[in-house]
Structure formats: structure tokens, C-alpha cells
Amino acid sequence: MKKNFKKVLTVLVALMMVMTLLAGCGGGGGGSTDGGGDATDNADKVLTLRLPGPLQSADWAQTNAVVDMAVTWINVFEGLYGMDEGAGGYYPALAEDVQVSDDQLVYTVKLRDAKFQNGDQLKASDVVFSYDRARENSRFNYLTNMIDSYRAVDDQTFEMTLKYPYSAIQHTFFSIKISSEREVTEQGDAWGTIPHTAATGPYIITEYDPAGGLKLEAFEDYWGGAPDVKHVEYIVISEDSAAVIAYENGEIGYLHDAPTSEWEEVEAAANGNSAMIKGNNIRTLWINWESKNNDGILANENVRKAIFYALNKENINQVVTSGYGSVSHCEYIPSDYCATSPNWQDGTFETYEFDPDKAHQCLLDAGFTEDQIAAGIPVGTITTYGAQTAEKAKAAQVMQSNLRDVGLLAEVEVQDISIISPRLHAFDYDMCIFGDSGNYDFNNIRQVVATESNGENNQGGGMSVVRFNGPDGNSPFDWQKIDDLVNQGVGTFDTAERYEIYTELWKTVMDTAIADPYIHLPVGIAWRADLDIGTPCPTYYRLSNFSWK
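Everything quoted here is computed from the prediction, not taken from an experiment.

A. Quick look at the pattern of salt bridges. All told, the structure shown has 23 salt bridges when counted by the stated rule. Residue Asp84 pairs with Arg542 through a salt bridge whose shortest N-O separation is 3.8 Å. With Asp84 in strand β2 (residues 81-84) and Arg542 in the loop between β18 (531-532) and β19 (547-548), this pair connects stretches of sequence that are 458 residues apart. There is no split in this pair, since Asp84 and Arg542 are both buried. Between Asp120 and Arg182 there is a salt bridge, with its nearest N and O atoms 2.6 Å apart. One end of the pair, Asp120, is in the loop between β5 (106-111) and α3 (124-136); the other, Arg182, is in helix α6 (residues 181-187), with 62 residues separating them in the sequence. Accessibility expressed as a relative area gives 36% for Arg182, which makes it partly exposed.

B. Spotlight on the sheet that holds strand β4 (residues 95-100). Here we have 4 strands laid out as an open sheet, ordered β4-β5-β7-β6, and antiparallel in their pairing. Strands at the two margins of the open sheet, each flanked by one partner only, are β4 and β6 (147-154). Adjacent strand axes in the sheet meet at a mean angle of 20° when their direction is disregarded.

C. Layout of the nonpolar core. Leu80, Tyr131 and Trp286 are the most contacted members of the largest nonpolar core, which has 149 residues in total. If one sorts the elements of this core by residue count, strand β17 (residues 515-527) sits on top with 7 residues. Judged by nonpolar contacts, the second largest core, of 14 residues, contains Val244, Ile252, Leu255 and Trp263.

D. Broad picture of unusual backbone geometry. Even without being a glycine, Asp295 presents a positive backbone phi close to 60°. According to the relative accessible area criterion, Asp295 is exposed, its value standing at 80%. For Asn458, which is not glycine, the phi dihedral falls at a positive 65°. Mapped onto the secondary structure, Asn458 falls in the loop between α16 (446-449) and α17 (479-490).

E. View of the environment of Gly212. In this structure, Gly212 sits in the loop between β8 (203-208) and β9 (214-218). Overall, Gly212 belongs to the buried group, its relative accessible area being 6%. In this structure, Gly212 is in contact with Pro54, Leu55 and Val236, ignoring residues within four places of it in sequence.

F. Looking closely at the pairing of β5. What you see with β5 is a clean split: Tyr107, Val109 and Leu111 sit on the buried side and Val106, Thr108 and Lys110 on the side with no burial. In terms of strand pairing, β4 meets β5 through 5 bridges, oriented antiparallel. Considered in β5, the bridge of Ala95 is made with Leu111. With 5 bridges connecting them, β5 and strand β7 (residues 157-162) associate as antiparallel partners. Across the sheet, residue Val109 finds its bridge partner in β7, namely Phe158.

G. Layout of the side chain of Asp126. Locating Asp126 in the fold gives a position in helix α3. Despite its burial, Asp126 pairs with no opposite charge; the closest candidate is Lys123, at 6.9 Å N-O. With near-sequence residues (within four places) excluded, Asp126 lies in contact with Phe116, Gln121, Ile178, Ser179, Ser180 and Glu181.

H. Representation of the packing of helix α11 (residues 313-321) against helix α14 (residues 391-405) in the model. At a closest axis distance of 9 Å, the pairing of α11 and α14 adopts a crossing angle of 145°. In this structure, the crossing between α11 and α14 has a hand that is right-handed. For the pair α11 and α14, the contacting residues are Asn315, Ile316, Val319 and Val320 in the first and Glu391, Lys394, Ala395, Val398, Met399 and Asn402 in the second. A breakdown of the residues in the contact of α11 with α14 according to their chemical character gives 6 nonpolar, 2 polar and 2 charged.

Calculation criteria
- Residues numbered from 1 in each chain as written.
- Predicted model: local features only at pLDDT ≥ 70, side-chain atom pairs only at ≥ 80, totals over all residues.
- Heavy atoms only, no water.
- Salt bridge = Lys/Arg side-chain N within 4 Å of Asp/Glu carboxyl O.
- Helix = DSSP H or I, 4+ residues; strand = E, 2+ residues; numbered from the N terminus.
- Buried < 20%, exposed > 50% of the residue type's maximum accessible area, 1.4 Å probe, protein only.
- Pairing = 2+ DSSP bridges.
- Axes fitted to C-alpha atoms, helices over the stretch in contact; angles between N-to-C directions.
- Core = buried A, V, L, I, M, F, W, Y, C linked by side-chain atoms within 4.5 Å.
- Contact = heavy atoms within 4.5 Å.
- Lys, Arg positive; Asp, Glu negative; His and termini not counted.
- Left-handed = near helix turned anticlockwise from the far one by under 90°.
- Nonpolar A, V, L, I, M, F, W, Y, C, P; charged D, E, K, R; others polar.

Structural data, given as C-alpha cells:
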């Protein structure tokens, strides 16, 4: 039955790829896993990758899905700093040299001798323009609120002054990408919807269909040296099983984040060209305490705790990752990757381990009777995004079952990220499963817990999906303490001191029973036999590190 099913899917995948190419990118050639196909010379080979959905935008500032960011943030655009997960952290990119004043407030950046893909020389005025755009976008408040001012000293020197010492400034330097002021201005309203040459990164977007795939070509005048892989094509394959078949058939040459449910088959087809690594990413169940569902039931702390105690995270791990992942025990960023991340084994914050009896008692403490619990108590909808068969949807279904087991009734809603994401950032949901990618600093937590991440005037549209202080600053939580601890943690450069501060911060957050990080996902990677990918990266793969054998 499984083989017959695969044959049907193979035909469907082939038809889908043809339709995608016709509608989006034109012809292109896949990547045979054995190095075959029509390509006889490495310069002519095309590396084909999968996107689970259309790229949201050719503008880095309009992409917030990790799979999209791997394209635009890493392989097309660059910041003053880069981040290489395989090599262990941040490194100077467009910043050739950075000098810091004694008071840790003034950063003087000498720019690298680099060109935009349109041939223009990178200038400090382009950096100013790019930081202006970032500061105008409420999504990036958490990256820019510490900045007092900046200016172009001359064409090759950019100077930034901070309001206070900020030890995680490298993440700001990484996250804010530099664009060509001339080209962005010239494209006007079309910017982000069409191909462009306004970036400095190793790959140029040459073809782009907002409803389909895209093509990249190596930037031969890239300051870091022309990439060895010259031609890259992304095709949209929404279903994981279809992506596996496409890889097995040689239609995908690099499969990142392969579905763990079919990992044995992927590994067999890869014939040694595969790796399963621990991801630096997090899946969290967030509860919107402001939800009006069922007379505001989620504002009750005991109901929220009952929801968390009801979740069988080991079971979720088995269903979602076939056991390849790791239960997070409410650890937000894996301490394996981040020295300042509070470790759940220290026992300093609530981890909401699976305990149906505790969940039941919490519902009694919330004022519900045994009869009401037996009949089932509606708590709203678990909302998430992605394919119906992908890991977040599967997790939502397991959670729905877990809640039912303790007398809580929930619906499940799964739609495309372009539909769901604006709602989540506008706090328009009951419960949601939201993915985040960690980095090498626990300060990353500010984008989901600090008031500055709630968008303009605290009204939504930022990076957070909950607001601890409510729409008018009214809240049952000590949101001022959360904000203060976020700022204290980044205000010192001492690792031990930061760990202590962040442990208190995370205990304060977990005591609210709003967030329950439940799993750190694994990342399965498979590639074609004639491709060398270097050190496998869990999130942000770098095509410029790839080479043909």
C-alpha cells in the first residue's frame, strides 16, 4: 500500500513541479542525487531546494518564516555581522573592523570594500538608510530600541551611539540587513515583489514569483569570493511526503529539515550523504490570556496551568519527530547553544511536566465542578501554520487529545503562515503553536516577552505573540519586572551575571503560565552525492559554503 501511495505521489509531485516552473520560474533542471542529469560541467549544474510555501517577499524585512529567512537573510542579504551556526556564532561581515568606546556606547564601524549586486559600492549612507528602514518597522523594535543615534562619518565609516551598554549588539548587527538605497528607492512600491540586485550577499535573486518559486545566481563579484555553486532553484512543495519523494527521485539536491517520520527512507536514499542534528529552534504553546473566548476563560491562571500540565510532551515528540527531537522542559533556547540560557535542570523555574492529576486539581481550583469537567470545558482554538501534515499541525492534534483527556475541549486551526502570522502578532487567537529560532544569546527572548516587541503603542504588529502588560498597560502580571530584567541582562557583559539575571527573568515568565516551550526539533539534512555542504547547519545553511565535488 505504501509503495502504491508513493507512486501516486510521485506523479503528483512531477505535475506540481512542472506547474510551479511554468507559473513561477521557467525551466531549470533539478539536482540528481547521483550527480547525473544533463549537467556535464560544474558551472552548469543547478542545485534545487524545497520551499514548503512561496517566499513571502524578496525584501528581507518582510520575511519572518525561518525557511524564508534562510534564503533572504543568509544567502541574499548581509548585515554588518553574519552568523554561522556550523562554526559557532557571529562574525564580521560587512563590518571589516569595529571599535568600541570605553563606556561601551559608541561603535565605530569601518565598512568592508564590498559591492552591491547592482555594481554600486557599499557606502555608509546605505547603512544609515537600512537602519532607518528597520527603525520604521515595528517588528524590529527589539533590535533597535537601544540605539540613540547613528551617522555616516564618511563613505566607509558608520558610527552608532547606544542609549546604554548593550552586550547583544552583535545580534542587531546580524539581523538588520543592508540594502542599496538607490535601488530600493527606484523600485518604490514594487520593492519586495520583483527580483532585485539591492543586496551584497553571495546570491542574486534572478527570478521570483510571489506565488511560486524563485531562482538565484551566484554573485561573481561577491567580496567573500564567488560561490562554487552557480545556479540555485527553489521549488514549492507543501507536503513533506512529496518533498521526500522529490529528493528520492533526484528532483531536490539539498533537502533541509527533512520530515522525521520518513527519515529512515531519506537516510537510505542519501547513501551516506545525510545528517540528523539537534536544532537550535523551539516550538512553544502560547496562551492568549486576553482572549474573550468562553467569557475569558484563559484569563484564569489555574485553567492555563491545567492546559500545560495536560500536555504529554514525550508523546508529542514521538508523534512529531518520531522521537528524534528533545523535550524542552520549558527551556526556551537550548542551553547546548547558549551559555546564558537558563537550564531547566537547575530547578529554578516551573517546567510543567505532564501530570493529569495536577491538571484536574487546577480545574477544581479554578472553580469547575466534577460534572463540568466530565462534560468537557471549552477553552478555544489551538491555532498554528504550515501544512496540515507538518509537525506543528501534528503537535496541535496531540495537544487537542491531551486536553480532552483532562476534560478540556479545544478546536484546531491550521492555515498558511501568510494568513496566520498577522493574527498571532495582533494577539487575535486563543492558543497558538509558534516557532522561534534561537541564537547564541538569551537576549533573543526580548522579542517575545518585552513590551518593546508588542508593536507600535503596544497595539500589536511586533515580533511577540502575547503581551504581558495588556493593551492599556493593565495586567495581572509584573510586566515591569520582565522589562527590567530583559534590560539588566543585556546591560552587563559578565556571562555568570547574565545567567543569573536571565534565570530570574525566565522564572518570572514561566510563573505567568502563558508560555510552554515543549520541544526542540531535530534537523534532518540530505544532499546529492556530488555536493559538499561543509559543516551541517541546524537553521541557516549557507549556500556559499557548498561546493561541487
